[in-house]
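Listed below, chain by chain, are the residues.
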Amino acid sequence: MSAAVLPDGILDFAPYRSLANEELAARVDEVRKQLGSRLLILGHHYQQDAVIAHSDLRGDSYQLSQSAAANDECRWIVFCGVHFMAETADILANGPEQLAARDGARVDVILPDMSAGCSMADMAAIDQVEAAWEDLAEVVDVNEITPVTYVNSAASLKAFCGRNGGLVCTSSNARSALQWAFERKPRVLFFPDQHLGRNTSLQMGITNDEMPVWNPHDEELGGNTVDAIQQSRVILWEGHCSVHQMFRAEHVHQFREQFPGIQILVHPECMQEVNDLADISGSTGKIIETVRAAEAGTKWAIGTELHLVNRLKSEHPDQEIHFLSPVVCMCATMHRIDLAHLCWSLENLLAGHPVNKILVDDETARWARVSLERMLQVR
Ligand code: 13P
Ligand code: SF4
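Residues numbered from 1 in each chain as written. Chains lettered and ligands numbered in written order. Predicted model: local features only at pLDDT ≥ 70, side-chain atom pairs only at ≥ 80, totals over all residues. Heavy atoms only, no water.

**Brief notes about the overall build of the protein chain**
Along its length, the protein chain carries 16 helices and 13 strands. Taken against the 2.2 N^0.38 rule, which gives 21 Å for 379 residues, the C-alpha radius of gyration of the protein chain at 21 Å falls within 12% of a compact globule. Seen through its principal axes, the protein chain has C-alpha atoms that stretch 65 × 55 × 35 Å. Within the protein chain, buried positions represent 56% of all 379 residues. Long-range pairs, those at least 24 residues apart, make up 68% of the contacts in the protein chain between residues at least 6 apart in sequence. When the accessible surface of the protein chain is split by element, carbon and sulfur atoms take 47% of a total near 15600 Å². Looking at the protein chain, you have 30 positive and 52 negative side-chain charges, and the mean spots of the two groups are 5 Å apart. (Helix = DSSP H or I, 4+ residues; strand = E, 2+ residues; numbered from the N terminus. Rg over C-alpha atoms; globule rule 2.2 N^0.38 Å. Buried < 20%, exposed > 50% of the residue type's maximum accessible area, 1.4 Å probe, protein only. Contact = heavy atoms within 4.5 Å. Areas by Shrake-Rupley, 256 points an atom, 1.4 Å probe, with all protein chains shown as cover. Lys, Arg positive; Asp, Glu negative; His and termini not counted. Charge placed at Lys NZ, Arg CZ, Asp CG, Glu CD.)

As structure tokens, this is what we get:
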């Protein structure tokens, strides 16, 4: 293929669409060879196999954040995940310590397709969170609230937490993050995922009566009474993951009936009814480790994104692995990063025209780093 170059020097994406995966894979390999250790490709566990095959490192949100913060060799990170993950990598890879170790050289973070977002992250916007904070200040002392944001959120929300004595959590350290918060203040505002917030708080002995749900579209205290807010310990933002909400309690019952002895393993973004019925709940990293450590012949029904469950099936043929839903639950936005976008972004990088750079402004990054560094300290 002769590359079509647009007037600004960028390679046109259109011709990449029609290339076969074999050719795309060979070309990705060639760029990786030429850029060597200056290039780091990170892949989230939900990513499709054809893409994950080219990642230097695959992991859950926590592990990928850690590796972005720790790598001082690379010059470019190509993030095969979703937008908030790439923002987090930009913030952590370009902190003062990291810049000093590279004599001031920045790492450019690239998201191969800019439309790879997260519908849950979009359920909490900074103006909504700030408005909620102001409304809460009318009925409780906000100096007594720790804001905790799930990493699945925009950088501006992480900065809000940094500025207000709060922190970021991932699904793998949510409990420790809440413990950290309660060691400092009696109340938490948790956004944007109500399910992770609720499932984790329940494990810590907090009851549903102490967890009102804040609807950002309801102007009357998020749909709550003054009393409910004053009695609360954790105020849960009304957000959810559209993928994980597809797993239902009836699916758990059906699997248990049909396959006696089966173990139910779910991500804590699933709703409470599912989480309560499950044998084990944990981050994508924990789900993988749990299956890896199990004996041959173990039966599982797993409630998390389809690509990860299918990969577990092919990596563990000695175990019996089922997907905990009759319908396809896949992260459609993560799936937008395909081999064509990966190849296109890498060849532009090699040609000296990096595309789709994720750049968090300095002020937001400074405060978001405060809350992300707390996240990395709290395990
Ligand atoms: P992990 O933190 O478990 O990788 O999950 C990220 C995510 O977006 C799950 O939907
Ligand atoms: Fe967001 Fe859900 Fe996709 Fe995770 S699976 S990235 S929470 S939309």
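**Section: the sheet that holds strand β2 (residues 57–59)**
Strand pairing within a sheet occurs via backbone hydrogen bonds; the two strands may be parallel or antiparallel. With respect to topology, four strands assemble into an open sheet ordered β2-β1-β3-β4, the strand pairing being parallel. Because the sheet does not close on itself, it has two edges, and the strands there are β2 and β4 (108–110). Sheet twist, expressed as the mean angle between neighbouring strand axes with direction ignored, is 20°. In terms of strand pairing, strand β1 (residues 39–44) meets strand β3 (residues 76–80) through five bridges, oriented parallel. Across the sheet, the residue bridging to Leu42 is Phe79, located in β3. Docked against the sheet, helix α4 (residues 83–93) engages β1, β3 and β4, running at close to 155° with respect to β3. (Pairing = 2+ DSSP bridges. Axes fitted to C-alpha atoms, helices over the stretch in contact; angles between N-to-C directions.)

**Things to note about the pattern of salt bridges**
For the structure shown, the criterion picks out 12 salt bridges. Residues Glu23 and Arg27 are paired through a salt bridge, measuring 3.0 Å at the closest nitrogen-oxygen approach. Of this pair, Glu23 and Arg27 are both found in helix α1 (residues 21–35), four residues apart, which corresponds to roughly one turn of the helix. The buried category is assigned to Arg27, whose relative accessible area is 16%. Of the charged contacts, one joins Lys33 and Glu30 as a salt bridge, the two residues approaching to 3.6 Å between their closest N and O atoms. Of this pair, Lys33 and Glu30 both sit in helix α1, separated by three residues, roughly a single helical turn. Accessibility expressed as a relative area gives 63% for Lys33, which makes it exposed. (Salt bridge = Lys/Arg side-chain N within 4 Å of Asp/Glu carboxyl O.)

**Describing the site of ligand 2**
In the vicinity of ligand 2, the contacting residues are Tyr46, Cys118, Ser119, Met120, Asn152, Cys241, Val243, Glu269 and Cys331. The residue inventory of the shell around ligand 2, partitioned by class, reads six nonpolar, two polar and one charged. (Near = heavy atom within 4 Å. Nonpolar A, V, L, I, M, F, W, Y, C, P; charged D, E, K, R; others polar.)

**Structural notes on a negative patch on the surface**
A surface patch of like charges, here negative, comprises Asp127, Glu130, Glu134 and Glu138. Along the chain, Glu134 falls in helix α6 (residues 126–137). A relative accessible area of 57% means that Glu134 is categorised as exposed. (Patch = residues over 30% accessible without salt bridge, like charges linked within 9 Å, V, L, I, M, F, W, Y side chains within 5 Å.)

**A short note on the pairing of strand β10 (residues 263–266)**
In this sheet, strand β12 (residues 299–303) lies alongside β10 in parallel orientation, the contact comprising four bridges. Looking at the pairing, Leu265 lines up with Ile302 of β12. Across two bridges, the pairing between β10 and strand β11 (residues 280–281) is parallel. From the neighbouring strand, Val266 faces β11, where its bridge partner is Ser281. Since β10 and β11 lie parallel, the crossover through helix α12 (residues 272–277) that links them has a hand, and here it is right-handed. (Right-handed = clockwise from strand over helix to strand, strands pointing away.)

**Focus on the site of ligand 1**
The environment of ligand 1 is made up of His44, Tyr46, Asp60, Ser61, Asn152, Ser171, His244, His267, Glu269, Ser283 and Thr284. Protein burial of ligand 1: of its 300 Å² of free accessible surface, 95% is covered by the chains. Of the residues contributing to the shell around ligand 1, the split by class is one nonpolar, eight polar and two charged.

**Points about the sheet that holds strand β7 (residues 187–191)**
On the basis of which strands lie adjacent, the open sheet formed by five strands has the order β6-β5-β7-β9-β8 and parallel pairing. Looking at which strands have only one partner, the edges of the open sheet turn out to be β6 (167–169) and β8 (213–214). Packed on one face of the sheet, helix α8 (residues 174–184) meets β5 (145–150), β6, β7 and β9 (234–237) and runs near 145° to β7. Helix α9 (residues 194–203) rests against β5, β6, β7, β8 and β9 of the sheet, and its axis sits at about 150° to β9.

**Here we look at the pairing of β1**
Burial within β1 is extensive, with six of its six residues counted as buried. Residues Leu39, Ile41 and Gly43 point to one face of β1 and Leu40, Leu42 and His44 to the other, with burial holding for every one of them. Bridging between β1 and β2 involves three bridges; their strand directions are parallel. In the strand pairing of β2, Leu42 is matched with Leu57.

**Considering the packing of α6 against helix α7 (residues 155–163)**
Interhelical geometry of α6 versus α7 gives an angle of 30° and a closest axis separation of 9 Å. Between α6 and α7, the angle is such that the two are roughly parallel. Contacts between α6 and α7 involve Ile126, Val129, Glu130 and Trp133 on the former and, on the latter, Ser156, Leu157 and Phe160. Grouping the amino acids of the contact of α6 with α7 by side-chain chemistry returns five nonpolar, one polar and one charged. (Parallel < 35°, antiparallel > 145°, perpendicular 65-115°, else oblique.)

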